[in-house]
Amino acid sequence: MTATFNILNVEPDQYSAEARSILHTLGILVEMNMARGELLARIHEFDVLIVRLRHRVDCELMTAAPRLKFIVSATTGLDHIDLGYAAQKGITVLSLRGEVEFLRSIPATAELTWGLLLALLRHIPSAHGSVLGGNWLRDDYKGHDLKAKRLGVVGLGRIGEKIAAYGNVFGMSVGFYDPFRTYWLPNVHKYQTLEDLLQNSDILSVHVPLNPETEKMIGANEFSCLHRGAYLINTSRGGVLDEDALLAALQNGQLAGAALDVLSNEQQFAQGAPNLLVEYARSHTNLIITPHIGGATYESMHITELFMVHKLAACLKKGTITS
Ligand code: NAD
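In this text the structure is predicted, and so the values were computed from the model without any measurement.

Conventions adopted
Residues numbered from 1 in each chain as written. Predicted model: local features only at pLDDT ≥ 70, side-chain atom pairs only at ≥ 80, totals over all residues. Heavy atoms only, no water. Phe/Tyr/Trp six-rings, centres within 6.5 Å; stacked < 30°, edge-to-face > 60°. Helix = DSSP H or I, 4+ residues; strand = E, 2+ residues; numbered from the N terminus. Buried < 20%, exposed > 50% of the residue type's maximum accessible area, 1.4 Å probe, protein only. Core = buried A, V, L, I, M, F, W, Y, C linked by side-chain atoms within 4.5 Å. Contact = heavy atoms within 4.5 Å. Polar contact = N/O pair within 3.5 Å; in protein donor to acceptor, adjacent residues only side chain to side chain. Near = heavy atom within 4 Å. Areas by Shrake-Rupley, 256 points an atom, 1.4 Å probe, with all protein chains shown as cover. Nonpolar A, V, L, I, M, F, W, Y, C, P; charged D, E, K, R; others polar.

A.B. asks: Any chance you could break down the packing of aromatic side chains for me, citing the residues and the numbers?
C.D. replies: Two aromatic rings are characterised by how far apart their centres lie and by the angle between their planes. Enumeration according to the criterion identifies three aromatic pairs in this entry. Taking 3.9 Å as the distance between ring centres and 15° as the angle between the ring planes, the aromatic pair formed by Phe102 and Phe307 counts as stacked. Note that Phe102 is positioned in helix α5 (residues 100-103) and Phe307 in helix α14 (residues 298-317), a separation of 205 residues in sequence. A relative accessible area of 15% means that Phe102 is categorised as buried. Arranged with centres 5.2 Å apart and planes meeting at 55°, the rings of Trp114 and Phe170 form a pair that is tilted. Residue Trp114 is found in helix α6 (residues 108-121), and its partner Phe170 is found in the loop between α8 (158-169) and β7 (173-177); the two are separated by 56 residues along the sequence. The class for Phe170 is partly exposed, based on a relative accessible area of 34%. One aromatic cluster is present, built from ring pairs that chain together Trp114, Tyr166 and Phe170.

Given below as structure tokens:
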């Protein structure tokens, strides 16, 4: 007997039309933005849950989901999902993690990282704001060349590799720290320790996954290894930085500036919780923060959503699920 799958897409805004049309052929598709309370109340109806990053798929949510068999997330970072508990419950998490060849074709987060880097070193957001205020103060927005600067990449994976390549194109001297990397790129120097990389970087760009080993891996000690006046870019996960130490490094001038696409409490911040870095950025121009838009381009989201839906279809067809 063919099973009917109840599929919930709980973050359906601008979801790929092509991916949606395939989902309609796989089961009964419900597409609805839900607040946490509503999701908790209705999750028991569904076999498949499709999320982006707005919801925490935690023990509480999965406990309320007796028929849930698949969680689908078109992301590589999976810290919004309790993977251990999902495994315990027999729920398969389908994601982009490990899809190395496919991911190499997706440029969105690397491009945003480079945009943040240029915006930071050339004061683009504050210069724009100044012009909107009726000013034309060329001398106030003198920035720095990238050429001949030292770019340090922490984590030379899919995104880190692209950043290293961009750095080379811009005439930078590029180094990286990644103990798990077994091969490296021409014109990219491998440092054996994070400390060595930090001591040899003018601009540090962080591209590691968030896990117990990388949590707060860039903190007070690491900032003190950078030379005074270095810059930091983080588009990986907020939890990779010790944000209190980052704030202190900005306040005391150890860092000349930082640009972040991620915050450790971004989900709570979206619900109105305060964040000290955002507070700082309200009155200082050397901290740029964007709302986790690294992967958010029409092209990248369409292609990754389609990829994930094909992956789900293949699993459902294989009969991984019985209901
Ligand atoms: P990836 O898995 O291809 O690369 C991660 C690299 O980090 C790997 O080479 C790994 O060896 C290295 N690494 C792991 N632990 C390390 C450690 N302790 N020290 C140094 N290196 C270490 O991942 P990716 O696709 O390049 O993405 C990197 C991260 O960026 C993701 O995990 C995700 O959290 C984040 N991301 C953010 C956005 C966004 O929208 N801002 C989008 C995509 C990915």
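A.B. asks: Please provide a residue-by-residue account of unusual backbone geometry, values included.
C.D. replies: Peptide bonds are trans in most cases, and residues, glycine excluded, mostly fall at negative phi. Of note in the backbone geometry, Gln14 takes a positive phi value of approximately 55° without being a glycine. Tracing the backbone through its elements, the reader meets Gln14 in the loop between β1 (5-9) and α1 (17-26). Note on Gln14: relative accessible area 65%, which makes it exposed. Here Ala148, not a glycine, exhibits a phi torsion of approximately 75°, which is positive. Along the chain, the position of Ala148 falls in the loop between α7 (124-132) and β6 (150-154).

A.B. asks: Describe the nonpolar core, and please don't skip the residues or the numbers.
C.D. replies: Ranked by size, the top nonpolar core spans 30 residues in total, and within it Phe223, Leu232, Leu246 and Leu255 carry the most contacts. Elements supplying a minimum of two residues to this core: α9 (194-199), β9 (203-206), β10 (230-234), α11 (243-251), β11 (255-260) and α13 (276-283). Take this core: its biggest share by element is five residues, from α11. Beyond its immediate chain neighbours, meaning those up to four positions away, Leu232 contacts Leu120, Leu204, Val206, Phe223, Leu241, Leu246, Leu255, Gly257, Ala258 and Ala259.

A.B. asks: Describe α11, with residues and values.
C.D. replies: Residues of α11 that are buried: Glu243, Ala245, Leu246, Leu247, Ala249 and Leu250. Buried residues in α11 make contact with α10 (220-225), β10, β11, α13 and β12 (287-289). A side-chain oxygen of the first residue of α11 lies 3.1 Å from the backbone nitrogen of Asp244; this N-cap is Asp242. Looking at the residues trailing α11, positive phi occurs at Gly253, about 85°.

A.B. asks: Tell me about the site of the ligand, and name the residues and values.
C.D. replies: Around the ligand lies a shell of 25 residues, among which Thr109, Arg158, Ile159, Asp178 and Asp261 are the nearest. Contacts to the ligand include Arg237, whose side-chain N or O atom sits 3.4 Å from an oxygen atom. Out of a free accessible area of 850 Å², the ligand has 85% covered by protein chains. Its residues assigned to classes, the shell around the ligand comprises eight nonpolar, 12 polar and five charged.

A.B. asks: If you had to explain the environment of Ile303 to someone new, which residues and values would you point to?
C.D. replies: Within the fold, Ile303 resides in helix α14. Among the residues examined, Ile303 registers a relative accessible area of 37% and is labelled partly exposed. Sequence-wise, Ile303 and Gln14 are 289 residues apart; in three dimensions their C-alpha atoms are separated by 13 Å. Ignoring sequence-local partners within four residues, the contact set of Ile303 consists of Phe102 and Ile106.

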